[in-house]
Structures are given as structure tokens and as C-alpha cells.
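Single-letter residue listing:
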Amino acid sequence: MHNLKRFLTLCAAVAAGALSACVVKDNVPPPPPMKPKEEQVKTVEPTKPTTETSAKPTEPAKPAEGAEDPLIAKGRELYNGNACAGCHGDKGQGVLPNAPKFTDAAWQQKEKDEEIVASLKGAKAAQGMPAFKGGNGTDEEHKALVAYIRFLGKPAGK
């Protein structure tokens, strides 16, 4: 009986504490009024279309300082999403004995982009390099993976 009284007293104290946390104070200011919807919409001035004579050839967009090249970002996504790191390492350091170390400057200099693409397509299956996506990777995916592999070979901060 004594334990039951202690338990009920404890429950009452917990309930009182929980209820006191829910009390609304009168000195809380109201939220600021909302602007009408018309005032919230920004208008954009139309731009003049360029004519053929005034149009200038544009260079491919370069990533902003500190931003990653979109092609390298896509290559990173493909590399990490297709188990490449299982053999080559998460930073290209090489994990398995026969897997090239993409961080090795000598390998980077020796290996041509076309050879990397051939490996991705299955040319080195006999040496243990499986074809990327079973040989069904697209040219754009191969280009992105090559860009990322080259990126892994650059010294940090370059």
C-alpha cells in the first residue's frame, strides 16, 4: 500500500510538471501580419532576345570556386553506386592486389582515357575487371567515370 501511494504521488508530480510546460504566457507577442499574396510575388523584367548577329559563342560553364565539376560529381556518383570502391578503394587507393591505384601518378600518366573506357566495357574481364553495368554503360557514363578517375589521381587541393 505504501508503494502504491508513492507511485501515485510520483505520477501526479510528473503530470503536474508536464501540464505546467503547456501553459501559455500572456506576454508572448503575436506573429507579424502576413503580406497579401500580391505583394509576395516578385516580378521579373523580360529580357531582350538575342539576334543571330549579336549572339556570341559561349564556353562551357566552369564550376564556381570550390564547386565540383558536374561531370566529376556524376562520375563520383557512378563510382560509389556501382561497387568500384570495392576493388579500387573509396579514394582510388586500390584495395585488391590487381586493381590499379588511381592515386598513382605513374598509372595516371601511362593509362589513356580510351584504355579506361575499354576496361569499363569489359576488355579486362580476364584480369578480374568486370564490365561497368555489364557492358551496357553509356558514353556519357564512361566519360563521367574517366573524369572522376582522373580527379582521384590529382593531389589533394589541386
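Residues numbered from 1 in each chain as written. Predicted model: local features only at pLDDT ≥ 70, side-chain atom pairs only at ≥ 80, totals over all residues. Heavy atoms only, no water.

### Focus on the packing of aromatic side chains
And then number 1: The full count for this structure, using the stated rule, is four aromatic pairs.
And then number 2: Ring centres 6.4 Å apart and planes at 65° place the aromatic pair tyrosine 79 and phenylalanine 102 in the edge-to-face group. Here phenylalanine 102 lies in the loop between helix H4 (85-88) and helix H5 (105-110) and tyrosine 79 lies in helix H3 (residues 70-81), a separation of 23 residues in the sequence. Considered together, tyrosine 79 and phenylalanine 102 belong to a single accessibility category, that of buried residues.
And then number 3: Seen in terms of ring centroids, phenylalanine 102 and tryptophan 107 are 5.1 Å apart; in terms of plane orientation they differ by 50°. Their pairing is tilted. (Phe/Tyr/Trp six-rings, centres within 6.5 Å; stacked < 30°, edge-to-face > 60°. Helix = DSSP H or I, 4+ residues; strand = E, 2+ residues; numbered from the N terminus. Buried < 20%, exposed > 50% of the residue type's maximum accessible area, 1.4 Å probe, protein only.)

### Describing unusual backbone geometry
And then number 1: Backbone geometry places alanine 83, a non-glycine residue, at a positive phi of 65°.
And then number 2: Within the secondary structure layout, alanine 83 lies in the loop between H3 and H4.
And then number 3: Even without being glycine, lysine 133 reaches a positive phi, approximately 50°.
And then number 4: For lysine 133, the location among the structural elements is in the loop between helix H6 (113-120) and helix H7 (139-152).
And then number 5: Exposure remark for lysine 133: the relative accessible area of 40% places this residue in the partly exposed category.

### Looking at the nonpolar core
And then number 1: Grouped together as the largest cluster of nonpolar side chains are 16 residues, with contacts concentrated most on Tyr79, Phe102, Ile116 and Leu145.
And then number 2: Residue assignment for this core shows that the elements contributing at least two residues are H3, H6 and H7.
And then number 3: Examining the composition of this core, we find that seven residues originate from one element, H7, more than from any other.
And then number 4: If we skip the residues at most four places from it in the chain, tyrosine 79 touches Cys84, Ala85, His88, Gly89, Asp90, Gly92, Phe102, Leu145, Tyr148 and Leu152. (Core = buried A, V, L, I, M, F, W, Y, C linked by side-chain atoms within 4.5 Å. Contact = heavy atoms within 4.5 Å.)

### Structural notes on the environment of glycine 137
And then number 1: Structurally, the position occupied by glycine 137 is in the loop between H6 and H7.
And then number 2: Residues glycine 137 and valine 117 lie 20 residues apart in sequence; the distance between their C-alpha atoms is 9.9 Å.
And then number 3: Residues contacting glycine 137, with those up to four places away along its chain left out, are Phe132 and His142.

### Description of the confidence of the model for the chain
And then number 1: Taken as a whole, the chain shows an average pLDDT of 76; of its residues, 57% reach a score of 70 or greater.
And then number 2: Here residues 18-24 is a poorly scored stretch, pLDDT under 50, and it has zero contacts once near neighbours within four places are set aside; other chains count. (pLDDT = per-residue confidence, 0-100.)

### Section: the layout of surface pockets
If a probe the size of a water molecule is rolled over the atoms, the empty space left behind becomes visible.
And then number 1: When its volume is computed, the largest pocket comes out at roughly 560 Å³.
And then number 2: In terms of lining residues, the largest pocket is bounded by 26 residues, among which His88, Pro100, Gly128, Met129 and Pro130 are the most central.
And then number 3: Those elements that provide at least two residues to the lining of the largest pocket are H4, H6 and H7.
And then number 4: The element contributing the most residues to the lining of the largest pocket is H6, with three residues. (1 Å grid on protein atoms, 1.4 Å probe; cavity = no way out; pocket = protein on both sides within 12 Å on 5 of 7 lines; lining within 4 Å. Points joined across faces, edges and corners; volume = space filled by probe spheres on them.)

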